[in-house]
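Examination of the molecular architecture
What follows is the residue order along each chain.
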Amino acid sequence: MKTEKADLDGQMNLFEVLNDDETNEIDVDEPEAKKEPEAEEQKEDYYPIHRKAKDMAVVMHKVFSDILDHEKVVLAYLDYNVVYYKPEKEEAKALQFQTAKLAVDYYINLIDELRNNEMLIEEEGDFQLEDV
């Protein structure tokens with residue numbers, strides 16, 4: 001059985017790398033050629049949608065009320081990849097995510113932020129979705 005030796009030109013010898021030989025030091029300050037560009041087109045995980053909220057199925061929701069002026073903040077998870085958010089005194093927003101996991105993560109993070117706001121009380125109550 002005949003074996004051929006593979007061409008290893010351009011590859012580093014593992015023994016040279018592991019050997020503390022000063023002649024074979026690797027320059028760690030040298031930029032790697034395979035680094036991913038940081039500022040190049042990074043796609044967003046979501047995009048705004050303009051659909052009637054009443055046409056979407058509400059999967060989960062939370063309602064918060066402001067202690068002072070009783071304005072409601074509504075947060076809802078719709079159609080398994082849409083997060084609806086109606087901050088007090090602002091227009092409603094709906095963001096459609098590429099995956100359900102991304103939408104749930106965003107929804108949970110918003111709930112945590114609202115729960116940490118000392119001026120808001122989580123309540124069990126009726127809510128109405130506004131069209132976006």
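Here, every reference points to the structure presented above.
Structural notes, computed from the coordinates. In this text, all values refer to a predicted model and were calculated from it rather than measured experimentally.

1. Let's talk about the packing of aromatic side chains
- According to the stated counting rule, one finds five aromatic pairs in the structure shown.
- Taking the centre distance of 6.1 Å and the plane angle of 35° together, the rings of Tyr 46 and Tyr 106 count as tilted. With Tyr 46 in strand S1 (residues 46-48) and Tyr 106 in helix H2 (residues 100-116), the pair connects residues that are 60 residues apart, well separated along the chain.
- For the pair Tyr 77 and Tyr 80, a centre-to-centre distance of 6.4 Å together with 85° between the ring planes defines the contact as edge-to-face.
- Judged by its relative accessible area of 4%, Tyr 77 falls in the buried class.
- Given a relative accessible area of 55%, Tyr 80 falls into the exposed group.
- Feature note: the residues Tyr 46, Phe 97 and Tyr 106 constitute an aromatic cluster, connected by ring pairs.

2. Some remarks on the pattern of salt bridges
- On inspection of all chains with the given rule, the structure shows seven salt bridges.
- Salt bridges sharing partners connect three or more residues here, namely Lys 62, Arg 115 and Glu 122.

3. What to know about the pairing of strand S5 (residues 93-97)
- With four of five residues buried, S5 is to be regarded as a mostly interior element.
- The pairing of S1 with S5 spans three bridges and is antiparallel. Residue pairing across strands places Tyr 46 opposite Phe 97, the latter belonging to S5.
- Count of turn residues in the strand S4 (residues 82-86)/S5 antiparallel hairpin: six residues, of which Lys 89 carries a positive phi of about 60°.

4. Describing a negative patch on the surface
- A cluster of acidic side chains, namely Asp 55, Glu 91, Glu 130 and Asp 131, defines a negative patch on the protein surface.
- Relative to the helices and strands, Asp 55 is located in the loop between S1 and strand S2 (58-66).

5. Section: H2
- With 17 residues, H2 should reach 24 Å at 1.5 Å per residue; the first-to-last C-alpha distance of 24 Å fits that figure.
- Along its buried surface, H2 packs onto S2, strand S3 (72-78), S4, S5 and strand S6 (120-123).

6. Structural notes on the environment of Ile 108
- Position of Ile 108 among the secondary structure elements: in helix H2.
- Exposure remark for Ile 108: the relative accessible area of 39% places this residue in the partly exposed category.
- Considered as a pair, Ile 108 and Tyr 77 are 31 residues apart in the sequence and their alpha carbons are 9.7 Å apart.

7. With respect to the nonpolar core
- Val 73, Leu 75, Val 83, Tyr 85, Tyr 107 and Leu 114 are the most contacted members of the largest nonpolar core, which has 14 residues in total.
- The biggest single contributor to this core is H2, with five residues.
- Aside from chain neighbours lying at most four places away, what touches Tyr 85 is Val 73, Val 74, Leu 75, Glu 91, Ala 92, Lys 93, Leu 110 and Leu 114.
- In terms of nonpolar packing, the next biggest core, distinct from the first, is built from 11 residues, Ala 53, Ala 76, Val 82 and Ala 92 among them.

8. Thoughts on the environment of Val 132
- Within the element layout of this structure, Val 132 appears in the segment after S6.
- Residue Val 132 is classed as partly exposed on the basis of its relative accessible area, which comes to 23%.
- Ignoring sequence-local partners within four residues, the contact set of Val 132 consists of Ile 49, His 50, Arg 51, Tyr 84, Ala 92, Lys 93 and Ala 94.

Rules and cut-offs
- Residues numbered from 1 in each chain as written.
- Predicted model: local features only at pLDDT ≥ 70, side-chain atom pairs only at ≥ 80, totals over all residues.
- Heavy atoms only, no water.
- Phe/Tyr/Trp six-rings, centres within 6.5 Å; stacked < 30°, edge-to-face > 60°.
- Helix = DSSP H or I, 4+ residues; strand = E, 2+ residues; numbered from the N terminus.
- Buried < 20%, exposed > 50% of the residue type's maximum accessible area, 1.4 Å probe, protein only.
- Salt bridge = Lys/Arg side-chain N within 4 Å of Asp/Glu carboxyl O.
- Pairing = 2+ DSSP bridges.
- Patch = residues over 30% accessible without salt bridge, like charges linked within 9 Å, V, L, I, M, F, W, Y side chains within 5 Å.
- Areas by Shrake-Rupley, 256 points an atom, 1.4 Å probe, with all protein chains shown as cover.
- Lys, Arg positive; Asp, Glu negative; His and termini not counted.
- Charge placed at Lys NZ, Arg CZ, Asp CG, Glu CD.
- Expected span 1.5 Å × (residues − 1).
- Contact = heavy atoms within 4.5 Å.
- Core = buried A, V, L, I, M, F, W, Y, C linked by side-chain atoms within 4.5 Å.

Distances and angles like these do not, on their own, reveal function.
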